[in-house]
Amino acid sequence: MRQVDGDAGRLKGEADEPGWEVDPDDDWGVAVVATIGRQLKLRREAKGMRAAEFGVAVGYGEDLVYKIEAGRRIPRLEYLDRADEVLGAGGLLSAMKEDVAKVRYPKKVRDLADSEAKAVELQLYDPLNIHGLLQTPEYARGLLLMRRPAYTEDEVERFIAARVARKVVFERDPAPELSFVLEEWTLRRPLGGKAVLSRQLEHLLVVGQLRNVELQVMPMGREEHAGLAGGIEVLKFADGSAVGRSAAVANGRPVSDPRQLRILELRYGIIRAQALTPRESTAFIEQLLGET
């Protein structure tokens, strides 16, 4: 399977294009990629082009063209743009890029983003890292590169894109109420370098100024800490329902049972009470920024 390298004029093998397979357990993703593949094939055949001829025109090998049309490979966004131009689709193929981009995100990330997009209140505590909704792309990259076994570069880019996409929660109108508790040590560890950490701290100060956001820092010197059992997420919705998740409850699976939610909210409330106030936390982050 080959793809043209525009700079050198050579044809790449599929080994140069890892990470674009369809997750067979992602029903929605499978359906989207299959639908796009059928559209590509129908338009190519209507144009009277053989797969090999079309592949040369868009810069891909014949085998890869067949796999994309069969719904076994996710097409790159530039593939759709080029196909739209070659087949004279008038923008209809390029318009599919939004769905393709979503398919590239892991299913659990999409599900989380959908829930965040509907929530009117979010209570979030991550004991290990700065929460994903608060991470700058540079900090997220530094964090993802720490993973062992290592992610591929393509996987790193996918996860960064997914985290950036989730940040639309800050742009909603009406805005949801967002509460974060951050561990001091996560604000001190210079993942990706001190310059990356400095920009991350600056970003926290900007986000903390939003009227619907409260950031609180849990100092390392606290002698009491209710969050040692793991992270907590509680999302509340306009209809009065809620969903929560914690490693300490139901093995980390999302829960909506009132009794389990009450446990999560109790723990989160105690953690907030033990942490610095939002005003104190802002001053603390400013102090850390001055030290980096």
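It should be noted that the structure appears before, not after, this text.
Bear in mind the structure is a predicted one, so any value in this text is a computation, not a measurement.

Draft legend 1. View of the nonpolar core. Ranked by internal contacts, the top residues of the largest apolar core, which has 30 residues, are Leu134, Phe170, Phe180, Leu187 and Leu204. For this core, the secondary-structure elements that each account for two or more residues are strand 3 (119-126), helix 7 (137-144), strand 4 (177-183), helix 10 (194-208), strand 5 (213-218), strand 6 (232-237) and helix 12 (278-291). If one sorts the elements of this core by residue count, helix 10 sits on top with 6 residues. Not counting residues within four places of it along the chain, the set of residues in contact with leucine 134 comprises Lys167, Phe170, Phe180, Leu182, Gln200, His203, Leu204, Val207 and Leu215. Judged by nonpolar contacts, the second largest core, of 25 residues, contains Val22, Phe54, Tyr79 and Ala83.

Draft legend 2. Helix 4 (residues 77-87), seen in detail. Residues of helix 4 that are buried include every one of Tyr79, Leu80, Ala83, Asp84, Val86 and Leu87, and no others. Elements in contact with the buried residues of helix 4: helix 1 (27-46), helix 2 (51-58), helix 3 (62-69) and helix 5 (97-104). Once helix 4 ends, the next one or two residues include glycine 88, with phi positive near 60°.

Draft legend 3. How the structure looks around the sheet that holds strand 6. Pairing within the open sheet is mixed, and its 5 strands lie in the order 5-4-3-6-7. Of all strands in the sheet, those bounded by a partner on one side alone are strand 5 and strand 7 (242-246). When strand polarity is set aside, the average angle formed by the axes of neighbouring strands in this sheet is 5°. The strands that helix 11 (residues 258-274) touches are strand 3, strand 4, strand 5, strand 6 and strand 7; relative to strand 6, the one it contacts most, it runs at about 115°.

Draft legend 4. Inspection of the packing of aromatic side chains at higher detail. In this structure the tally under the stated criterion is 3 aromatic pairs. With a centroid separation of 6.2 Å and an interplanar angle of 80°, the aromatic rings of phenylalanine 54 and tyrosine 79 are classed as edge-to-face. Taken as a pair, phenylalanine 54 in helix 2 and tyrosine 79 in helix 4 lie far apart in primary sequence, 25 residues in all. Each member of the pair, phenylalanine 54 as well as tyrosine 79, carries the same accessibility label: buried.

Draft legend 5. Summary view of the environment of isoleucine 285. With respect to the secondary-structure elements, isoleucine 285 resides in helix 12. The class of isoleucine 285 is buried, set by a relative accessible area of 2%. With 261 residues separating them in the primary sequence, isoleucine 285 and proline 24 have C-alpha atoms 44 Å apart. Not counting chain neighbours up to four residues away, the residues in contact with isoleucine 285 comprise Leu187, Leu201, Leu204, Leu205 and Val217.

Draft legend 6. Looking closely at the packing of helix 2 against helix 4. Their axes nearest at 9 Å, the elements helix 2 and helix 4 cross at an angle of 115°. Where helix 2 crosses over helix 4, the two elements pack in a sense that is right-handed. Contacts between helix 2 and helix 4 pair Phe54, Ala57 and Val58 from the former with Tyr79, Arg82, Ala83, Val86 and Leu87 from the latter. The class makeup of the residues in the contact of helix 2 with helix 4 is 7 nonpolar, no polar and 1 charged.

Parameters and conventions
Residues numbered from 1 in each chain as written. Predicted model: local features only at pLDDT ≥ 70, side-chain atom pairs only at ≥ 80, totals over all residues. Heavy atoms only, no water. Core = buried A, V, L, I, M, F, W, Y, C linked by side-chain atoms within 4.5 Å. Buried < 20%, exposed > 50% of the residue type's maximum accessible area, 1.4 Å probe, protein only. Helix = DSSP H or I, 4+ residues; strand = E, 2+ residues; numbered from the N terminus. Contact = heavy atoms within 4.5 Å. Pairing = 2+ DSSP bridges. Axes fitted to C-alpha atoms, helices over the stretch in contact; angles between N-to-C directions. Phe/Tyr/Trp six-rings, centres within 6.5 Å; stacked < 30°, edge-to-face > 60°. Left-handed = near helix turned anticlockwise from the far one by under 90°. Nonpolar A, V, L, I, M, F, W, Y, C, P; charged D, E, K, R; others polar.

Function-wise, these values are silent; they only describe arrangement.
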